[in-house]
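Examining the three-dimensional arrangement
The chain contents come next:
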Amino acid sequence: MIPIYEADRLEDLPLFDRSPQAEEDVGAAVDAILADVRTRGDEALREYTRRFNGVALTSFEVAKAEMEAAWEAVDGNFRETLRQAADNIRHFHEAQVHRDFCLTDRPGVVLGQRYTPVERVGICVPGSPVAFPSTILMNVIPARIAGVKEIAVVTPPNQNGAISAEALAAAKIAGADRMFKIGGAQAVAALAYGTETVPQVDKIVGPGGVFVAAAKRKVFGQVDIDMIAGPSEILVVADGKSDPAWVAADLLSQAEHDAHAAAVLVTDSRPLAEAVQNEVERQLTDLPRRDIAQKSLEANGKILVTKDLAAAMEAANRIAPEHLELCVDDPFALLPLVKNAGSVFLGRHTPEALGDYFAGPNHTLPTSGTARFSSPLSVDDFVKKTQFIYYTREALADAAPRIADFAEREGLHGHARSALSRTEEKGE
């Protein structure tokens with residue numbers, strides 16, 4: 001049963017275990033896989049696919065015809081769902097696009113910044129139990145909007161050596177250029193170093209298990225990465241008027257992800273806390289992923305009772321959850337109090353599942369308390385910023401003495417000479 005705690009003092013709050021998943025335990029294995037794929041390329045990929053996925057593949061890339069066939073194979077209702085979800089995601093992310101700027105307000109000086117897309121991006125999509133169509137949409141569409149030249153999706157094949165039609169249909173409508181039937185650390189290695197089949201990319205994004213997380217951490221520097229994703233989290237702030245069945249369902253929606261996921265309710269109502277506790281037990285009885293959710297709740301499930309909603313928000317900011325629901329009468333009154341959260345769901349009719357699939361904002365979010373300093377995946381993750389500077393001779397002459405003074409105080413006399421030499425009069 002999910003435990004209830006009286007949170008009288010914030011410093012005594014019982015937080016869930018956020019120690020990193022045991023990347024150290026798989027570190028040696030991941031090192032070996034990275035080195036092997038870097039050396040042997042596709043041959044190593046074939047071997048790991050046989051070992052880890054139980055299938056022998058001669059070709060990893062999904063043919064364009066296969067993707068087209070998948071689009072026709074999925075039912076019309078799901079095609080329409082994909083269209084609407086993609087439209088919503090596209091609409092939201094198009095608003096994130098930055099514009100180049102140029103400043104010319106000082107005589108003889110031009111300053112500016114340009115945004116250019118990353119050339120090639122690799123997107124990792126988990127394959128258990130199936131490759132998630134929602135993850136494909138959420139990662140491919142912002143990259144496409146940013147102007148990425150080539151987007152490659154990697155996801156492990158199922159026991160038949162295939163990828164689900166739903167995932168292939170999502171890749172088609174999102175605009176993926178290429179798709180490969182590989183997963184795990186070996187997929188990260190293929191994207192980071194390139195193989196005979198898989199293109200080397202500049203950035204790797206997307207979630208995965210402990211092997212993928214460890215591999216992404218290790219190849220960072222060879223390529224860029226988005227983040228190291230931890231287990232999924234939800235924190236619900238709810239007042240006494242909330243429906244306990246709804247709150248319980250929202251907690252279970254994250255607990256069912258995996259045994260390391262975390263589901264927390266923070267409320268100023270002891271009666272609601274007890275009602276949700278009972279409702280969670282009731283709903284668990286017929287949840288298909290009951291065993292996983294039960295383990296998650298036993299490890300990281302919490303109900304915290306605070307003196308008021310202001311204290312509840314303090315607790316939420318301290319925990320810095322991936323998903324934060326504000327199930328109160330006036331959620332917009334609490335929104336300014338949110339300092340640390342990946343995505344905020346406002347009101348009683350905005351479940352976290354809206355963000356996972358349909359609303360438009362990205363569902364790739366900071367986990368494990370990293371919302372204190374990081375942000376959701378966005379168009380920004382797929383562009384680079386380049387600054388530019390132009391000075392006329394007269395403008396440099398005006399600034400050179402100050403540049404030289406600065407440089408000499410730092411002991412960098414060559415810097416000073418570089419600035420001053422351009423202002424010196426040359427002899428006949």
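Look a little higher up for the structure.
On a predicted model such as this, the values are computed, not experimentally measured, just so you know.

About the thresholds
Residues numbered from 1 in each chain as written. Predicted model: local features only at pLDDT ≥ 70, side-chain atom pairs only at ≥ 80, totals over all residues. Heavy atoms only, no water. Pairing = 2+ DSSP bridges. Helix = DSSP H or I, 4+ residues; strand = E, 2+ residues; numbered from the N terminus. Axes fitted to C-alpha atoms, helices over the stretch in contact; angles between N-to-C directions. Contact = heavy atoms within 4.5 Å. Parallel < 35°, antiparallel > 145°, perpendicular 65-115°, else oblique. Left-handed = near helix turned anticlockwise from the far one by under 90°. Nonpolar A, V, L, I, M, F, W, Y, C, P; charged D, E, K, R; others polar. Buried < 20%, exposed > 50% of the residue type's maximum accessible area, 1.4 Å probe, protein only.

Turning our eyes to something else, we now look at the sheet that holds strand 1 (residues 4-6). Across the sheet, 6 strands lie side by side as 1-11-10-9-12-13; this open sheet has parallel pairing. Of all strands in the sheet, those with a lone pairing partner are strand 1 and strand 13 (343-346), marking the two edges. Each strand of the sheet is rotated relative to its neighbour by a mean of 20°, with strand direction disregarded. Pairing of strand 9 (residues 233-238) with strand 10 (residues 262-267), which is carried by 6 bridges, proceeds in the parallel orientation. Residue pairing in the sheet places V236 in a bridge with L265 of strand 10. Along the sheet face, helix 9 (residues 244-255) touches strand 9, strand 10 and strand 12 (323-327) and points at about 165° away from the line of strand 9. The strands touched by helix 12 (residues 309-319) are strand 9, strand 10, strand 11 (302-305) and strand 12; relative to strand 9, the strand with the most contacts, the crossing angle is about 170°.

In this section: the packing of helix 4 (residues 76-94) against helix 5 (residues 133-146). Between helix 4 and helix 5, the least distance of the axes is 10 Å, while the angle of their chain directions is 40°. It follows from the interaxial angle that helix 4 and helix 5 lie oblique. Considering only the axes of helix 4 and helix 5, their crossing is right-handed. Residues F78, L82, A85, A86, I89, R90, H93 and E94 of helix 4 form the contact with helix 5, whose own contacting residues are P133, L137, M138, I141, P142 and I145. The residue inventory of the contact of helix 4 with helix 5, partitioned by class, reads 11 nonpolar, 1 polar and 2 charged.

Two elements in contact, helix 9 and helix 10 (residues 270-284), have axes whose closest approach is 8 Å; the angle formed by their N-to-C orientations is 60°. Looking at the two axes, helix 9 sits oblique to helix 10. Here the hand of the crossing between helix 9 and helix 10 comes out right-handed. In this structure, helix 9 uses P244, A245, V247, A248, A249, L251 and L252 to contact helix 10, whose residues at the interface are L272, A275, V276, E279, V280, Q283 and L284. Tallied by class, the residues present in the contact of helix 9 with helix 10 amount to 12 nonpolar, 1 polar and 1 charged.

The next point concerns the environment of G184. On the secondary structure map, G184 appears in helix 7 (residues 184-193). For G184, a relative accessible area of 26% gives the class partly exposed. It is 40 Å that separates the C-alpha atoms of G184 and A7, two residues lying 177 residues apart in sequence.

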